[in-house]
Amino acid sequence: MLLGAARVSLWSMTNQTTQDEEQLAQPSTGDVGPEPVLAFRGVTKRFGGATALDGVDFELLPGEIHGLVGENGAGKSTLMKILSGVHVPDEGEMLLRGEPVRFSSPAEAKARGIGMIYQELSCMPALTVAENVFLGSQPMTRAGLIDWKRMRTESGEHLSSLGIDVDVASRLGALSLGGQQLVEIARVVFSGASIIVLDEPTSALSGPEAKRLFAAMAELKARGASLVFISHFLEDVIAVSDRVTVLKNSRKVATLPNEGLTKHRLIQLMIGRDADALAESYEGGVTLPPPSAATPMLEVRGLGMTGSFSDVSFAARPGEILGIFGNLGAGMTEVARVLFGRERPTSGEMRLDGKPVAPKRTSEAKRLGIAYLSENRRATVFPRHEIYKNITLAHLDQIVGGIVRKPREVAIAAELVQRTGVRPPRPTLAAGNLSGGNQQKVALAKWLTVQPKVLILNEPTRGMDVGAKREVLDLIKALRAEGVAIILISTEPETVLAESDRIFVMSKGRIAREFAGERVSKDLLMSYA
Amino acid sequence: MAQRQTAVAWASRNARLLAPLLTLICMIIFFSIVTPVFRTTQNLQNVITQIAPIAVAATGITFVLLCAEIDLSIASVATFTGVVAAWFWVGDTVALGAWGIPVALLVAAGIGLLNGYLVAYVGIPSFMMTLAMLTIARGMSIFVSEGKPIFEVPPILKSLGSVSSQFLGIPVIGLFALGVVILGDFVLSYTKFGRYVYMTGANREAAEMSGVNTRQVVMMSLVISAITAGLTGLLFIGRLSSANPSAGDDILIQTIAAVVLGGTSLFGGEGGMRNTILGLLIYGVLSNGLNLLPNIPITFKLALQGIVLLAALLLNVFALRIERVQTRAE
């Protein structure tokens, strides 16, 4: 029935939604399902005047993977913070295996078998995999020393029973991000967690890594653990979840069974408004415009860096967005770092405006007119410093002259804060107070104080909600119209598809395919990555 | 009510400056009441003369700490610079007269450049590099002076360093130090380089990814620190009228203590010259005031000084916690 609804026009879909919601608001009507292992009943949480959760009901069944989706600020994190003992609800109750509970600290929640896996991993990269699995509960020999042998054997058995294939003696930091994440999950399970919350676990994983994660999740589920899976990647949510709960503006919209669930439908429930425009770039594919004939601004020939990428050749033209898509580890970030002078290439050449260049330092690349927004927020933002200082840093001398004066800086920053849509738009606020998406906008604003010739954007919209993404993409379009040559790098096909004029797919350090002037879809892009 | 809230918010935001300021005011009031000698003009001139050389070195070390680096060689570099200037003045081997002063400063700058290059471009941690340089510079002082104090120093340094040379009642050495401190504040607060120093210390990778040449910034900070250390050495030989190759070791601890007391972070990016000025005054008032206290055994004074410093540091830590909470709440 739901599948049918998704195919009819938007209007009737909206009506359909209301019906479904009513129908789905009481999932247990009629049949006697299994007792939920965890239940929220009418949970409300306020912060000062703002309501973060408004009468939310949520049920987690034993042996279930439950997807939790919603735009940024919809209340997902608050809900999970109540579960993990960070916050205490103002109203409503939380039942753990039928018994009302109230956690006053994360340690209490942990003791009751609730495990959290956050986006930022909390493992120790300098220790071995075995030590990480046993973190805080190392087995001891009778002499009171750490029992290394037992630690290795048991952690090895534990990992392989979860289908995780890593060497327990290797340093955790030597594993890929996906591998580290699996070890963290193993650790949480090992410490006795039976309710496991995964917050955006796939956002930095490549396709195969995500598959490994899903396999481990399925294994946990088969063992009777219950998992909450929070993600912006709706395909991932649909792929693994038994049921999905959608939050919007602090309220629960619906809990839907997996059967017949589509991404389109989830998006519609999440944003609750016209999803057509989005759906086009997400699902149907786009037709790229005929290639530009403008003289290239940046030309790269046979660029390579041993161990990272090789034989990369392309041209970026003014007034054009060149999209580069690939999985994590495909070498896109490394190419960008070379273009920006942060890394030295081992082969190949670069030309800027027809002249050969080889920036040895970022400061040199900046002077040449190359700007780079890193994908790593820790490498772009100064959280303890004011927004205006973050923004003026890159071109301080050019924009304020010899003597740095605060009013002038603030005025320049205020304009850019407006232009990039940073909220709240207060240049004197410390940047660390902003949400992740807004910090990213500040980092982008930094490169707009002086118009760059080439602007390289690596994941400029990662972690942003739908509205913020649109704002940033519109800004990028405006820069294109002003004649900037833009290189847009992303591991999200949607981002690359949305506005690119030409698209490269990178795979294993090489350009696998170039798309220009033709129809290209998400599937097609992903098939070359 | 709203006004009061704003005042509280303002105070917590500026806790990094207000905490040391409060400490300073309390100390001044305390010593003024307990020892009448404290507020005499002559004693205040003493305080200024005592902290002036430290203030100069503290200016340079502020740059280094803001960069999240350290310079342990400042005391040895100060001594070495003094010895070199005196050695050229005596001129048994090479006689340069008063020209020995700028040459000695160039030597100091050269040491700073070596420190800076090896730290920023070669990658030796500044702690280890400047520890090695501490030993090298101390050894060179002993080598050049043949291990003996040099009792002849350029008269211009003597008149600069003496308490009796005053301008409008203020010791000239104090005015000199004030000039250096103000220049330091100007560079840190109002120039591109100063901003680069802060941002390099706050997040080196982000500074680098903003096109800041962070290696150059670190190197230049160590050069500045060596030059100000050299100036401190010159002020010292002026004040003491001799260059002693085995003196001056306590400059290092005094300088770093003063800067950190003022609230500049040892981890970079936060603090500044205004903090350093407060830290210097606290340090100066404390060591001077404790010496004037009656009824305290002289043998206990050093320990007492340490205890008071510890209390001031605790106050800073507490104040910074408030500041952080306030920033987050906004």
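The residue numbering used here restarts from 1 in each chain and proceeds along that chain's sequence as written. Think of it this way: whatever chain is written first is A, whatever ligand is written first is 1, and the rest follow in order. Restriction of local features to residues with pLDDT of at least 70 applies here, the model being predicted, together with a cutoff of 80 or more for giving and counting side-chain atom pairs; totals for whole chains, interfaces and linings are based on all residues. The basis for every side-chain value is the complete set of heavy atoms in the structure, and neither hydrogens nor water enter the calculation.

Enquirer: Which residues make up the pairing of strand S17 (residues 370-373) of chain A, and what values do they have?
Expert: Every regular strand shows the same layout, with side chains that alternate between the two sheet faces. Residues and elements named next belong to chain A. Side chains Ile 370 and Tyr 372 of S17 all project onto a buried face; the interleaved residues Ala 371 and Leu 373 project onto the opposite face, where all are buried too. In this sheet, strand S18 (residues 454-458) lies alongside S17 in parallel orientation, the contact comprising four bridges. Counted as the bridge partner of Ala 371 is Leu 455 from S18. For every residue, the accessible area obtained with a 1.4 Å probe (protein chains only) is divided by the maximum for its type, and the residue is called buried under 20%, exposed over 50%, and partly exposed between those limits. Numbering of helices and strands starts at the N terminus; helices are DSSP runs of H or I of at least 4 residues and strands are runs of E of at least 2. When DSSP finds two or more bridges between two strands, those strands count as paired.

Enquirer: Hey, could you go over the sheet that holds strand S20 (residues 502-507) of chain A for me, with residue numbers and the actual values?
Expert: Residue and element names in this part refer to chain A. The six strands are arranged S17-S18-S19-S14-S20-S21 in an open sheet whose pairing can be described as mixed. At either end of the open sheet lies a strand with only one pairing partner, and these are S17 and strand S21 (510-516). In this sheet, adjacent strand axes meet at a mean angle of 15° when their direction is disregarded. Bridge analysis of S18 against strand S19 (residues 485-490) gives five bridges, and the strand direction is parallel. Axis lines are fitted through C-alpha atoms, for helices just across the contact stretch, and the angle between N-to-C directions can take any value from 0 to 180 degrees.

Enquirer: Can you explain the packing of helix H2 (residues 15-34) of chain B against helix H13 (residues 273-292) of chain B? Please cite residues and give values.
Expert: All names here are of chain B. Contact geometry of H2 with H13 gives a least axis separation of 9 Å together with a crossing angle of 25°. Viewed along their axes, H2 and H13 adopt a mutual orientation that is roughly parallel. As for the relative orientation of H2 and H13, their crossing is left-handed in sense. For the pair H2 and H13, contact is made by Arg 16, Leu 17, Pro 20, Leu 21, Thr 23, Leu 24, Met 27, Ile 28 and Phe 31 and by Arg 274, Asn 275, Leu 278, Leu 281, Ile 282, Val 285, Leu 286, Gly 289 and Leu 290, respectively. Classification used: nonpolar for Ala, Val, Leu, Ile, Met, Phe, Trp, Tyr, Cys and Pro, charged for Asp, Glu, Lys and Arg, polar for all others including Gly. Along the lines of polarity and charge, the residues of the contact of H2 with H13 split into 13 nonpolar, three polar and two charged. Any angle that falls under 35 degrees is termed roughly parallel, while one over 145 is termed roughly antiparallel, one within 65 to 115 roughly perpendicular, and all others oblique. Handedness of a crossing is defined here by the sense of rotation of the near helix relative to the far one, left-handed for an anticlockwise turn of less than a right angle and right-handed for a clockwise turn. Residue contacts are counted whenever heavy atoms from the two residues lie within 4.5 Å of one another.

Enquirer: Give me the lowdown on the sheet that holds strand S10 (residues 251-257) of chain A, citing residues and values where you can.
Expert: All names here are of chain A. As summarised here, the arrangement of the six strands in space is S6-S7-S8-S3-S9-S10, forming an open sheet in which the pairing is mixed. One side of each edge strand has no neighbouring strand; the edge strands of this open sheet are strand S6 (114-117) and S10. Ignoring which end each strand starts from, the neighbouring axes of this sheet average 20° apart. In the sheet, strand S3 (residues 65-69) pairs with strand S8 (residues 226-230) via four bridges, with the strands oriented parallel. For Gly 67, the partnering residue across the bridge sits in S8 and is Phe 229. Contacting S3, S6, strand S7 (195-199), S8 and strand S9 (243-248), helix H3 (residues 76-83) crosses the sheet at an angle of about 135° to S3. The strands touched by helix H8 (residues 207-222) are S3, S7 and S8; relative to S8, the strand with the most contacts, the crossing angle is about 150°.

Enquirer: Just give me the short version of the pairing of S10 of chain A, but keep the residues and values in it.
Expert: Residues and elements named next belong to chain A. Taken together, the six bridges between S9 and S10 define a ladder with antiparallel strand orientation. Its bridge partner being in S10, Leu 247 is matched across the sheet by Lys 252. In this antiparallel pair of consecutive strands, S9 and S10, the connection spans two residues, and Asn 249 shows a positive phi of 45°.

Enquirer: Describe the interface of chain A and chain B, listing the residues and the values that go with them.
Expert: Contacts between the two partners involve 33 residues from chain A and, on the opposite side, 30 residues from chain B. The term buried area means the drop in 1.4 Å probe accessible area that two parts suffer when joined, counted for both and summed. Summed over both sides, the interface of chain A with chain B buries roughly 2,600 Å², with 53% coming from carbon and sulfur. Salt bridge, as used here, is a side-chain nitrogen of Lys or Arg placed within 4 Å of a carboxyl oxygen of Asp or Glu. Inspection of the region where chain A meets chain B yields six salt bridges. Between Glu 205 of chain B and Arg 337 of chain A there is a salt bridge, with its nearest N and O atoms 3.8 Å apart. The definition of a polar contact used here is a pair of N or O atoms within 3.5 Å, where within protein one atom must be able to donate a hydrogen and the other to accept one, and adjacent residues in sequence count solely through side-chain atom pairs. For the pair chain A and chain B, the number of links is 13 residue pairs in polar contact (both at pLDDT 80 or more). Of all the secondary-structure elements, those providing two or more residues to the side of chain A that touches chain B are helix H13 (362-368), helix H14 (387-392) and helix H15 (396-400) of chain A.

Enquirer: Explain the domain arrangement of chain A to me, using residue names and the numbers behind them.
Expert: Many structure descriptions define interface size as the accessible area lost when the parts assemble. Note that the domain bounds reflect an automated or database-derived domain assignment. Domain assignment breaks chain A into domain 1 (16-23 + 35-113 + 195-201 + 227-272), domain 2 (275-369 + 452-529) and domain 3 (381-451). Here domain 1 of chain A and domain 3 of chain A have C-alpha centroids that lie 35 Å from each other.

Enquirer: Which residues make up the nonpolar core, and what are the values?
Expert: What we call a nonpolar core is a set of buried Ala, Val, Leu, Ile, Met, Phe, Trp, Tyr and Cys residues that are connected through their side-chain atoms within 4.5 Å. One finds Phe 31, Leu 188, Val 197 and Ile 237 of chain B to be the most contacted residues of the largest nonpolar core, which totals 86 residues. Excluding residues that lie within four positions of it along the chain, Val 197 of chain B makes contacts with Phe 63, Leu 66, Cys 67, Leu 188, Val 217 and Ser 221 of chain B.

Enquirer: Residues and numbers for a nonpolar patch on the surface, please.
Expert: Residue and element names in this part refer to chain B. The grouping of Ile 48, Phe 167, Leu 168, Ile 170, Leu 175, Leu 178 and Ile 182 at the surface amounts to a nonpolar patch, some 650 Å² of accessible area in total. The biggest single contributor to the nonpolar patch is helix H8 (residues 172-190), with three residues. Here Leu 175 is to be found in helix H8. For Leu 175, a relative accessible area of 30% corresponds to the partly exposed category. Residues forming no salt bridge and having over 30% relative accessible area are the ones grouped into patches, like charges within 9 Å of each other and nonpolar side chains (Val, Leu, Ile, Met, Phe, Trp, Tyr) within 5 Å. Note on areas: these come from Shrake-Rupley sampling with a 1.4 Å probe, and a residue is covered only by the protein chains present in the view.

Enquirer: Just give me the short version of the pattern of salt bridges, but keep the residues and values in it.
Expert: All names here are of chain A. Taken as a whole and assessed by the stated rule, the structure comprises 38 salt bridges over all chains. Ionic pairing is found between Arg 41 and Glu 59, a salt bridge with its closest N-O pair at 3.2 Å. Of this pair, Arg 41 sits in strand S1 (residues 38-47) while Glu 59 sits in strand S2 (residues 50-60), and the two are 18 residues apart along the sequence. With relative accessibility at 35%, the residue Arg 41 sits in the partly exposed group.

Enquirer: How would you explain the packing of helix H3 (residues 41-66) of chain B against helix H11 (residues 214-240) of chain B if you had to name every residue and give the values?
Expert: Two measures define how a pair of helices packs: the angle their axes make with one another and the distance between the axes. Residues and elements named next belong to chain B. Viewed as axis vectors pointing N to C, H3 and H11 meet at an angle of 170°, and their least axial separation amounts to 7 Å. Relative to H11, the element H3 is oriented roughly antiparallel. Residue-level inspection shows Thr 49, Gln 50, Ala 52, Pro 53, Val 56, Ala 57, Gly 60, Ile 61, Phe 63 and Val 64 of H3 in contact with H11, the latter providing Ser 221, Leu 222, Ile 224, Ser 225, Thr 228, Leu 231, Thr 232, Leu 235, Phe 236 and Arg 239.

Enquirer: Pulling in residues and values, what's your account of the packing of aromatic side chains?
Expert: Only Phe, Tyr and Trp rings are paired, with Trp represented by its six-membered ring, and only when their centres lie within 6.5 Å; those with planes under 30 degrees apart are stacked, over 60 edge-to-face, the remainder tilted. Scanning the model with the defined rule gives twelve aromatic pairs over all chains in all. Ring plane angle 25° and centroid distance 6.3 Å describe the contact between Phe 63 of chain B and Phe 193 of chain B, whose orientation is recorded as stacked. Here Phe 63 of chain B, found in helix H3, pairs with Phe 193 of chain B, found in helix H9 (residues 192-202); they are 130 residues apart in sequence, far enough to count as distant. Residue classification places Phe 63 of chain B among the buried positions, given a relative accessible area of 2%. An aromatic cluster of three or more residues is present, and its members are Phe 340, Tyr 372 and Trp 447 of chain A.

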